[in-house]
Amino acid sequence: MGLQPVSEENTPATSVTPVLRVEKVAKSYGHTRALTACDMELFSGEILAVMGENGSGKSTLVKILTGVQNLDEGTLSMDGRRLRPFSNPVDGISAGIVAVFQEVPIIENQTVLDNIWVGYDGVFRNRLRKAEKRHIADKVLKVLLGRQLDLDQHTESLSLSDQQACCIARALVKKPKILILDESTSALDIATRDRLFKTCSELTGEGTSIIFISHRMDEVMAIADRVTVLRSGRTVGHFTRGEATPEVLVSSMTGKTFAQAEESVDVRTPGLDGKVQLETQDLKLSAESKGINFHLRKGEVVALAGLEGHGQDHFLRALWALEPVAGAVVAYTKNQAQKITSPADAVRASIVYVPRDRRTEGIFPNQSIGDNFSIATMSQDVQFGVVKPSRSLTRLKAFKETLKIKMSSDRDPITTLSGGNQQKVVLARWLASEPDVVLLNDPTRGVDLGAKRDIYALMRRMTQQGVSFIVLSTEVDEILEIADRTLVFRENNVFVELDRTMTTREKLVSSFFGHEDSQ
Amino acid sequence: MTRTNKILRLWQRPYAIAAILTIALLAANLIVNPAAFSPQYMPQTIAAFAPFALAAMASTPAILGGGGGIDISVGPVMSLVNIVIVTLLLPSQLLDGPVMGVTAALVLGLGIGALNGVLVAVLRYQPIIATLCAMLILIGINIRLAPSPMQAGDNWTDAVSSSWGPVPVAAVLILAPLALWSLLGKTAWMTNLYSVGGSDTAAFTAGVNVTAVRVVAYATGGLFAGIGGIALTGILRSGDSTVGMQYTLIAITAVVLGGTSMTGGRGGMGGSLAAAAAIFLFQILLSAMRVPTPWLNLTYGAMLIGAIIVTVRTSTANKTKGKVA
Amino acid sequence: MSSPTNAVSTDTPRAKSGRIRDILTRGKGRVPMLQLVMLTTLIILGASLIPGFTRLNSVYSMLIIASFLGLAALGQTLVVLLGGLDLSVPAFIVLSAMLTSELYGTYGWPFPAIAAFIVLVSLVVGGISGYISHKYRVQPLIVTLGVGTVVTGATLIWIGGKQPGSAPAFLSNFVSPVGTTFGLKIPPAVVLWCLLAVGIGLILRHTKFGKSLYATGSSIRAAELALVPTRRIWVSAFSLSALSAAVVGALLAGFSGSADLTMGDPYLFQSLTAVIVGGTAFGARGDYWHTFIGALLLTVLSTILIGVGFSSSDQTIIYGILILVVVAGYSRDRALRDRV
């Protein structure tokens, strides 16, 4: 058991002893300090939101609380008793702390049932009989999804939202004392998310405490009893429900006042009269879909939206010929019609694609920042068969300025950069080829506010020079801020097209769910 | 409809190709070489098959555990057991006999397997590198112990090609690991192994002791290889340090052909066993048709390449089918 | 920043060792420091233990043996950078040695024709390994095991049981310790090796091919989305691996006057050991200059081992341990907890 009293001399600061107390916790990876001084209290039966920008140390805190990582300094105590440090998640779970981690950690080759119960048993010992496991799994899924799932189905055929629900069920069946939800709602459809929130309030009624981590302000406002804010590895504020307004939280997270943080919002003039750069002709995302005839104009930003898995990703990838589809994609960028049948065609037509998953599709982990940047534009640098690094460095420097990439030398490995800066380098890799059309697949996923603003600012500047963007985005706020037009996808069709002037948060979200009134 | 569906689903199983090959080759053998399958010669035939089967089974658990898991030291472990029995145990009056021999085989296999597991799961060596080193060290030890093949003379391992009543002894050698494997299948370990193979980070954060699960996988493989060493001694009737690598080749071919994914988490023991049978039957078919030995080598290699292409093609075809449905 | 004393006492050594590790990490990317230190130590050790170790003749002998190993490990380095292992090296060594001696000695082909034929065969067959591994996303270890077995089988069938002819005499000069290069008293094989080392090193570092190879080895999916022609890179690397093994085969035929079926065997594990001990690792870390040092290191080590009376089986054991020790330093997998 991981829960063992080391000393009992801790006198509670408040009249009620917190279930979990985090004191002066610090953690470094190599020489980057992820957490400097984190303090936090969690009381029985409450939902505590932990907020902070990317790199503020939230994920590290979760890893320490669950035993994934060891802490360097500080103490954790549960119910007033100091905890011996967990050496792995097994210890954390036996102490009653269970987390649902940020990236969907589904095990694709295993069944729904095995996915839900993974980690419950010992190395050899089965702690429950199979029939009981099935019964409980059915019950938990019913609560989360409002319907049954085939427990013997392999999870690879499930939608992303159902996969995420399985991961949440995996935590729930362990009957945690403290449940940690780390960005666990990002893949959920709204209905499932609402059922999760209902489940959360039931759990807190039974005395479970919940740590809720989310980038979405509306979610935090909806369910959190209190909010703790982290900034650069430190706890910078505790707010009760009444105090925590979006303005207060944003200024606490960024260290700036609300007005400053919002300064870059402005209204763009959409380029509706521009010349067509790219069009699709009867593009069908599935056999039953209607053909999509879409035009992208010069200087336009078109957002692709919808619930996860409704065809927007497929559509975007089809534009770069990464997915086989019926119908045609035609580019007019080079003043003549050109069919796109391969990524190479697309690049020749000056259309570039920035992939979604930075870790597996974006970066080259062991290579330098410079090599990561120059890989797509290397041909420009070749002289007598030799690649001249000085030329790509000049290009990189330009982007370092405009995107505010925080780096010291282009020879450092890319992995020394933070996630947001890595994403900026991956973006710059293709923007450096001076494209006419840029396809962005969720470009700001897992990127902090500051970096987002840098990316939006660059996009704005480029559209003024006539560059067009198609952006798949999972964030409503992002769509509202950047899009001239939005295509909402539903069941592999374009459900509705919303003009900037007609786009409101409510219309967007209700169209995700197929409400016709949004037209 | 349901019947065709059922057949279709069977065909999509990863081991389908191996199973069909085995049946076809068995039929071909029965036509060309019926004597080998007569009651009189059956025990010998199974004895000759046993090292193939055990090598293939020994290679499977490490691969199932994912993370690039592989144990290329299986062949040399079998050789080591073979050489230890012939050069150390048989000549000694004190240590001769099946009890000591079997104990030594199991302890050596389990121990080396567990060591490989520790190198991989605890010390985080890449599996290929770790078992490559184990293999180098074992090959060195094997050559030291038996610089040239050493005749064993009559001894207890000769029983491998005989029968206990109606049961061929070699069949017991093959069935014992299978029984242990299905016993492990009753415990949580097997589910854990497939989960770890599917996604080690997911299993780790969910509370699976990934390290222990993987060490047990390598140790189990090692144990099977140890049993394989007994079978090898039974058919070689000598201590020979040159045959080990050949069995690693056969074993990996069998695992691939048997439909186990090299990335872990998919496949199983049955496929490896069926594929080992297919390879074995192919070999005796060729020798019955008096194909010269160099051709055997060539066909092994060709089979391995063919197995890769065929299994990868069918498995990706199935996957895309599954996605559309 | 004030922290309690116990925290400071535990923190300082960690910070210090972190800094040292950092310096080492930066250095080892470019210069194989550890390997150079080991090589120097071994040379000093050899000079003091073995009489005649530093005589020019024995130095040249060692360099020639190292050049065989280094050339065999050339293609292996490229394959390891891509994240694979090439087990077909011995097969191509034997094939090429057989072709060299049999076609020259028995069939009387002119050497340039033989060379062209060997180059063609090894590039094509090696390329097939790369193509299959890439297309079907299978570990190259398995594919090259299969292809190697086919090549060995084919060689055996072609040669049958007979003794192959003898290799051209000038090849013997090429690999002789007393051989001369354009009048200079340096064995041509050594010159060839050094030139290739410089050439390949520069190609890897400063050409589009080299950069694309590193990108592909680092993340094949990202490379494909950056329009790096990954299949072409894989095919080229495996072709070059077969070719470099074939070059070794021809040189070995010259060295021993003819060919035999086992002459390639030692090079399987030695080439792997040279690459890994040199410091090249999966995931595109390292380069051929590392392997160059690795090949020298292994050759000096085995010379010393034989000199003090170890057998070749002992050497195999020591190689195994050596890889474990060197790899322990820098190229193990990341801990599971750091991959979450």
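Residues numbered from 1 in each chain as written. Chains lettered and ligands numbered in written order. Predicted model: local features only at pLDDT ≥ 70, side-chain atom pairs only at ≥ 80, totals over all residues. Heavy atoms only, no water.

Chemist: With reference to specific residues and values, describe the overall build of chain A.
Modeler: Looking only at helices and strands, chain A has 18 helices and 22 strands in total. For 519 residues, the compact-globule estimate of 2.2 N^0.38 gives 24 Å, and chain A sits close to it at 24 Å. Referenced to the eigenvectors of the C-alpha coordinate spread, the extents of chain A come out at roughly 75 × 50 × 45 Å. Sorting the 519 residues of chain A into buried and exposed places 55% on the buried side. Partitioning the contacts of chain A with sequence separation of at least 6, the portion at a separation of at least 24 is 65%. Of the roughly 21600 Å² of accessible surface on chain A, a fraction of 49% belongs to carbon and sulfur atoms. Each charge class in chain A can be summarised by its mean position, and for the 64 positive and 67 negative side chains these summaries are 3 Å apart. (Helix = DSSP H or I, 4+ residues; strand = E, 2+ residues; numbered from the N terminus. Rg over C-alpha atoms; globule rule 2.2 N^0.38 Å. Buried < 20%, exposed > 50% of the residue type's maximum accessible area, 1.4 Å probe, protein only. Contact = heavy atoms within 4.5 Å. Areas by Shrake-Rupley, 256 points an atom, 1.4 Å probe, with all protein chains shown as cover. Lys, Arg positive; Asp, Glu negative; His and termini not counted. Charge placed at Lys NZ, Arg CZ, Asp CG, Glu CD.)

Chemist: If you had to explain the overall build of chain B to someone new, which residues and values would you point to?
Modeler: When helices and strands are counted, chain B shows 13 helices and four strands. Over its C-alpha trace chain B gives a radius of gyration of 20 Å, about what one expects of a compact globule, namely 20 Å for 325 residues. Dimensions of chain B, computed from the C-alpha atoms along their principal axes, are close to 65 × 50 × 35 Å. Considering only residue pairs separated by 6 or more positions, chain B has 79% of its internal contacts joining residues 24 or more positions apart. Summed over all atoms, the accessible surface of chain B reaches about 12800 Å², with 69% contributed by carbon and sulfur. Computed over 15 positive and 6 negative side-chain charges, the inter-centroid distance for chain B is 26 Å.

Chemist: Describe the interface of chain B and chain C, with residues and values.
Modeler: In this complex, chain B contributes 42 residues to the contact, which on the side of chain C involves 42 residues. Here chain B packs against chain C, burying approximately 4000 Å² in sum over the two surfaces, 79% of which is carbon and sulfur. Taken as a group, B:Arg124, B:Gln126 and B:Leu136 account for 17% of the area that chain B buries against chain C, more than any other trio of residues on that side. Connecting chain B to chain C are one salt bridge. The tally of links from chain B across to chain C stands at two residue pairs in polar contact (both at pLDDT 80 or more). When residues of the side of chain B that touches chain C are traced back to their parent elements, those giving at least two are helix H6 (127-145), helix H9 (200-206), helix H11 (244-257) and helix H13 (293-324) of chain B. Looking at the side of chain B that touches chain C residue by residue, the classes come out as 32 nonpolar, six polar and four charged. (Buried area = accessible area lost by both parts, 1.4 Å probe. Salt bridge = Lys/Arg side-chain N within 4 Å of Asp/Glu carboxyl O. Polar contact = N/O pair within 3.5 Å; in protein donor to acceptor, adjacent residues only side chain to side chain. Nonpolar A, V, L, I, M, F, W, Y, C, P; charged D, E, K, R; others polar.)

Chemist: Help me get a handle on the packing of helix H8 (residues 188-198) of chain B against helix H10 (residues 210-236) of chain B, residues and values and all.
Modeler: Residues and elements named next belong to chain B. Where H8 contacts H10, the two axes come as close as 10 Å, and the packing angle between them is 105°. As judged from the angle between their axes, H8 and H10 are roughly perpendicular. Packed against H8, whose contacting residues are Trp189, Asn192, Leu193 and Val196, the element H10 presents Val210, Val213, Arg214, Val216, Ala217 and Thr220 at the interface. Taken together, the residues of the contact of H8 with H10 sort by class into seven nonpolar, two polar and one charged. (Axes fitted to C-alpha atoms, helices over the stretch in contact; angles between N-to-C directions. Parallel < 35°, antiparallel > 145°, perpendicular 65-115°, else oblique.)

Chemist: How would you summarise empty space enclosed by the protein if you had to cite specific residues and measurements?
Modeler: Counted under the stated rule, the structure contains six cavities of 30 Å³ or more. Considering the residues around the largest cavity, the lining is formed by 16 residues, among which A:Val98, A:Ala99, A:Phe101, B:Thr205 and B:Ala206 are closest to the centre. Top element by residues in the lining of the largest cavity is strand E6 (residues 97-100) of chain A. It accounts for four residues. Residue classes in the lining of the largest cavity are distributed as 12 nonpolar, two polar and two charged. (1 Å grid on protein atoms, 1.4 Å probe; cavity = no way out; pocket = protein on both sides within 12 Å on 5 of 7 lines; lining within 4 Å. Points joined across faces, edges and corners; volume = space filled by probe spheres on them.)

Chemist: An account of helix H13 (residues 288-307) of chain C is needed here, citing residue identities and associated values.
Modeler: All names here are of chain C. Over its 20 residues, H13 extends 28 Å from the first C-alpha to the last, a length consistent with the 28 Å expected when each residue adds 1.5 Å. For H13, the buried fraction is high: 16 of the 20 residues fall into the buried class. Glycine 309 lies just past H13 and shows a positive phi near 100°. (Expected span 1.5 Å × (residues − 1).)

Chemist: How would you summarise the pairing of strand E21 (residues 485-490) of chain A if you had to cite specific residues and measurements?
Modeler: All names here are of chain A. The element E21 is largely enclosed, with a buried count of five among its six residues. Of the strand pairs in this sheet, strand E13 (residues 301-306) and E21 are connected by five bridges, and their pairing is parallel. Each bridged residue has a counterpart across the sheet, and for alanine 305 the counterpart in E21 is valine 488. Between E21 and strand E22 (residues 493-499), which pair antiparallel in sequence order, lie two residues; one of them, glutamate 491, sits at a positive phi of approximately 50°. (Pairing = 2+ DSSP bridges.)

Chemist: Lay out the domain arrangement of chain A with the relevant residues and their values.
Modeler: All names here are of chain A. As far as domains go, chain A holds domain 1 (20-105 + 177-256), domain 2 (264-350 + 436-519) and domain 3 (361-434). Using C-alpha coordinates to define each centre, domain 2 is positioned 26 Å away from domain 3. Listed per partner, the contact involves 15 residues of domain 2 and 12 residues of domain 3. Summed over both partners, the interface of domain 2 with domain 3 comes to about 1100 Å²; 70% of that surface belongs to carbon and sulfur atoms. Of all residues in domain 2, the largest losses of buried area upon contact with domain 3 belong to Asp454, Ile455 and Leu458, amounting jointly to 41% of the total for that side. Put simply, domain 2 and domain 3 have two salt bridges between them. (Domains from an automatic or database assignment.)

Chemist: Could you give an account of the pairing of strand E19 (residues 437-441) of chain A, with specific residues and numbers?
Modeler: Residues and elements named next belong to chain A. Counting buried positions over the five residues of E19 gives five, a clear majority of the element. A two-sided burial pattern is seen for E19, the buried positions comprising Val437, Leu439 and Asn441 on one face and Val438 and Leu440 on the other. Examined bridge by bridge, strand E16 (residues 351-354) and E19 share four bridges and lie parallel to one another. Note that in E19 the partner of valine 354 across the bridge is leucine 440. As defined by bridge partners, E19 adjoins strand E20 (residues 468-472) across five bridges and the pair is classed as parallel. Counted as the bridge partner of valine 438 is phenylalanine 469 from E20.

Chemist: Can you explain the environment of A:Ser252? Please cite residues and give values.
Modeler: All names here are of chain A. Mapped onto the elements, serine 252 comes out in helix H8 (residues 246-254). The exposure class assigned to serine 252 is buried, which follows from its relative accessible area of 10%. Remark: the alpha-carbon pair of serine 252 and glutamine 367, spanning 115 residues in sequence, is separated by 36 Å. Not counting the four nearest positions on each side in its chain, serine 252 is found in contact with Val229, Arg231, Val236 and Phe239.

Chemist: Tell me about the nonpolar core, and name the residues and values.
Modeler: One finds B:Ile308, C:Ile142 and C:Ile323 to be the most contacted residues of the largest nonpolar core, which totals 127 residues. Examining the composition of this core, we find that 13 residues originate from one element, helix H3 (residues 56-81) of chain C, more than from any other. In contact with C:Ile323, other than residues within four places in its own chain, are B:Ile129, B:Leu132, B:Cys133, B:Leu136, C:Thr273, C:Ile276, C:Val277 and C:Ala328. With 113 residues, the next largest nonpolar core counts B:Leu90, B:Ala171, B:Ala217 and B:Ala277 among its residues. (Core = buried A, V, L, I, M, F, W, Y, C linked by side-chain atoms within 4.5 Å.)

Chemist: Summarise the interface of chain C and chain A; cite the residues concerned and give the values.
Modeler: Contacts between the two partners involve 29 residues from chain C, matched on the other side by 40 residues from chain A. Between chain C and chain A the total buried area reaches about 2700 Å² when both faces are included, carbon and sulfur atoms providing 54% of it. Put simply, chain C and chain A have two salt bridges between them. One salt bridge in this structure joins C:Arg221 and A:Glu361, with 2.7 Å as the shortest N-O distance. Summed over the shared surface of chain C and chain A, the result is 10 residue pairs in polar contact (both at pLDDT 80 or more). Those elements that place two or more of their residues in the side of chain C that touches chain A are helix H1 (5-30), helix H9 (208-218), helix H10 (220-225) and helix H15 (336-339) of chain C. At six residues, H9(C) tops the list of elements feeding residues into the side of chain C that touches chain A. Of the residues that constitute the side of chain C that touches chain A, the class distribution is 11 nonpolar, six polar and 12 charged.

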